[in-house]
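Residues per chain are reported as follows:
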Amino acid sequence: MTMIPAQLEAYREVAPRGTLELLARLAERLRGRRFVHVNSSRYGGGSPEILNRLVPMLQALGIDSAWEVIVGDPEFYAAIRALELAAAGREQHISASMLRSYEETAAANAATLPLDADLVMVHDLAPLPLVRHRRDRGRWVWRCHTDLSQALRRVWHLLRRDVGRYDATVFSLPKFAQRVPVPALIIHPSVDPLSEKNRDLSRAEIQQGLDRLGIPRDKPILLQVAPYTASADHPGVIQAYRLAKKYVDCRLVLAGGGAADNPEGSAILAEVRQAAAGDADIHPLVLPPDAAREINVLQRAAAIVLHKPIKDDFGLGVAEAMWKGKPVIGSFAGGIPVQVIFEVTGYTVNSVEGAAFRIRQLLDSADLMARLGGAAREYVRRNFLITRHLGDYLALLANLTG
Amino acid sequence: MVDPAHFPNLQALREELVSVIDDHLRGLQVVPSAVLGEPFEFIQSRIVEIPTGIEVRTLEEFRDALLDVDVSAVYFHLVEARMRLGRGQNDFAAWLEHGLGLPALAAKVRAVDPYAGSLERARTRLIQFCDDALTAGT
């Protein structure tokens, strides 16, 4: 009989059957191996959100796991911000002193961090140059959580040298990868069904949450959760809502952050508010970065979740909504088409008119909404839960460390 | 239609696919290109085999284990086994026939088409066959 740690036993009700036993058996083979993750923050979305949950699970399974964070001065963080934007394809000025700070910070951290392990997984750009200081023991993997396909040529040229020093890279989607001289592996990100953002909520909790946010529940709610950026296409979502509302009465809730600390966000939010003026059924909400419960409430209260950015990374908000049994109408950006299977778990659309048509179609048929929502939840159960992610990381450890 | 189940190994399947595409290309004046659409991404895969620790000796135990194992075990024994062993049948059918001496049940299991639906659907069908056999007192 395979022993399952209590921390994982909590997932038995939500993970596909047999999953926990498989994870425990695989971990048994790998017991005693050391697996270290390195990133640049313990807080926020992306790698911190997933490492906060995955590292304790790896430890519970008997894998000697640790999570280290590199630290630097303000110039280092400015350099990282510029490099991230350039890697996303936006023109940036990156000075020689910024690059020096980037490299020197890696060297200083490499000297102090305990990186002696069977497998070191380095997440995203900030700690990338740590690999220059790797010792002979162990394998090194670079885990890139973002879309690198549009990276500016000069910046990619700089990064590529470090990427080539790793034993392998891991991308979330094949189309996010650049040509690299080492194996590129594909691991989709995941949602944690027991986290505050995704755990089950009672009707009372949902109602209280909506009351706090000032959202009435008198008509079907359309929801988009996305930061206030130009690429999130808020105007397109509002237009789709308006076209659909001619036929079916509904509310539109736009929930996002990113407006407080950058001028672009503030400008987009102002535009959204202006577009919403005079329509009491449009609710632009500004949420803080730690609004996990609020997002959970909104996704559970929504009839349909919209996610139609022009450009996106994996777009895991789609899987979060699907896990709550909601049909999603999404664009073809980033990882959305991997999650939204047309007419099975939702609809992918190319236009505002297409989105409006699918809103009408869904709101007109409770059966269709229930069928797509149910299939969406099952699809996430099989493909996008943290238990699958954990299995992928264990398989990676097994594969790379022999 | 190219049916992967009809090929003894992956090399034969690969040759058939190349031949079908080659034949199609020969009839074209202009070779189409996915300029506007998404390119096809070739992905290589590697299987990590993990013994589940579950051993069964009777049809009843087999049925119960089938119900509980991760669906990847169904894939491994039902789909991957055909190509891995090159014997034209899956692990389940082989064991039912040679291990338990149940050729009729083995034939039904051999005929399950894993490409016709999801792996979960294939699992459900296998369990149904086992239940039928157990009810009939096999």
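Note that the coordinates shown come from a computational prediction; the quantities given were computed from them, not determined experimentally. (Residues numbered from 1 in each chain as written. Chains lettered and ligands numbered in written order. Predicted model: local features only at pLDDT ≥ 70, side-chain atom pairs only at ≥ 80, totals over all residues. Heavy atoms only, no water.)

**Quick look at the pattern of salt bridges**
Residue and element names in this part refer to chain A.
- As enumerated under the stated definition, the model contains 36 salt bridges over all chains in all.
- In this structure, R154 and E91 form a salt bridge, with 2.8 Å as the shortest nitrogen-oxygen distance. Placement of the pair is R154 in helix α6 (residues 153–163) and E91 in the loop between α4 (74–87) and α5 (96–112), with a sequence separation of 63 residues.
- By relative accessible area, which is 57% here, E91 ends up exposed.
- A salt bridge links D233 to K308; the nearest nitrogen and oxygen atoms lie 2.8 Å apart. One end of the pair, D233, is in the loop between β7 (221–225) and α8 (234–245); the other, K308, is in the loop between β10 (304–307) and α11 (317–323), with 75 residues separating them in the sequence.
- With a relative accessible area of 16%, D233 lands in the buried category.
- Judged by relative accessible area, which is 8%, K308 ranks as buried.
- Salt bridges linked by common partners bring D218, K219, K245, D249, R251 and D281 together as one network. (Salt bridge = Lys/Arg side-chain N within 4 Å of Asp/Glu carboxyl O. Helix = DSSP H or I, 4+ residues; strand = E, 2+ residues; numbered from the N terminus. Buried < 20%, exposed > 50% of the residue type's maximum accessible area, 1.4 Å probe, protein only.)

**Section: the sheet that holds strand β8 (residues 251–256) of chain A**
Residue and element names in this part refer to chain A.
- Spatially, 6 strands are ordered β9-β8-β7-β10-β11-β12 in an open sheet, and the strand pairing comes out parallel. On the outer flanks of this sheet lie β9 (282–286) and β12 (346–348), each paired with one strand and no other. Neighbour-to-neighbour, the strand axes of the sheet open up by a mean angle of 15 degrees, direction not taken into account.
- As defined by bridge partners, strand β11 (residues 328–330) adjoins β12 across 3 bridges and the pair is classed as parallel. Bridge assignment links G330 to a residue of β12, and that residue is T348. (Pairing = 2+ DSSP bridges. Axes fitted to C-alpha atoms, helices over the stretch in contact; angles between N-to-C directions.)

**Describing a nonpolar patch on the surface**
- On the surface, a cluster of nonpolar side chains totalling about 330 Å² of accessible area is made up of I21(B), L25(B), L28(B) and V31(B).
- Structurally, the position occupied by V31(B) is in the loop between α1 (10–26) and α2 (59–68). (Patch = residues over 30% accessible without salt bridge, like charges linked within 9 Å, V, L, I, M, F, W, Y side chains within 5 Å. Areas by Shrake-Rupley, 256 points an atom, 1.4 Å probe, with all protein chains shown as cover.)

**Comments concerning the pairing of strand β1 (residues 34–39) of chain A**
Residue and element names in this part refer to chain A.
- Summarising burial for β1: 6 of the 6 residues are buried, a large majority.
- Side chains R34, V36 and V38 project from β1 onto one buried face, and the interleaved F35, H37 and N39 project onto a second face that is buried too.
- One ladder, built from 6 bridges, connects β1 with strand β2 (residues 64–69); its direction is parallel. Opposite V38, over in β2, you have E68 as the bridge partner.
- Once the chain exits β1 it traverses helix α3 (residues 47–60) before rejoining the sheet at β2, and the crossover so formed is right-handed.
- Pairing of β1 with strand β3 (residues 119–123) involves 4 bridges; the strand directions are parallel. If you follow F35 over to β3, its bridge partner there is L119. (Right-handed = clockwise from strand over helix to strand, strands pointing away.)

Everything listed here is a matter of geometry and, on its own, says nothing about what the molecule does.
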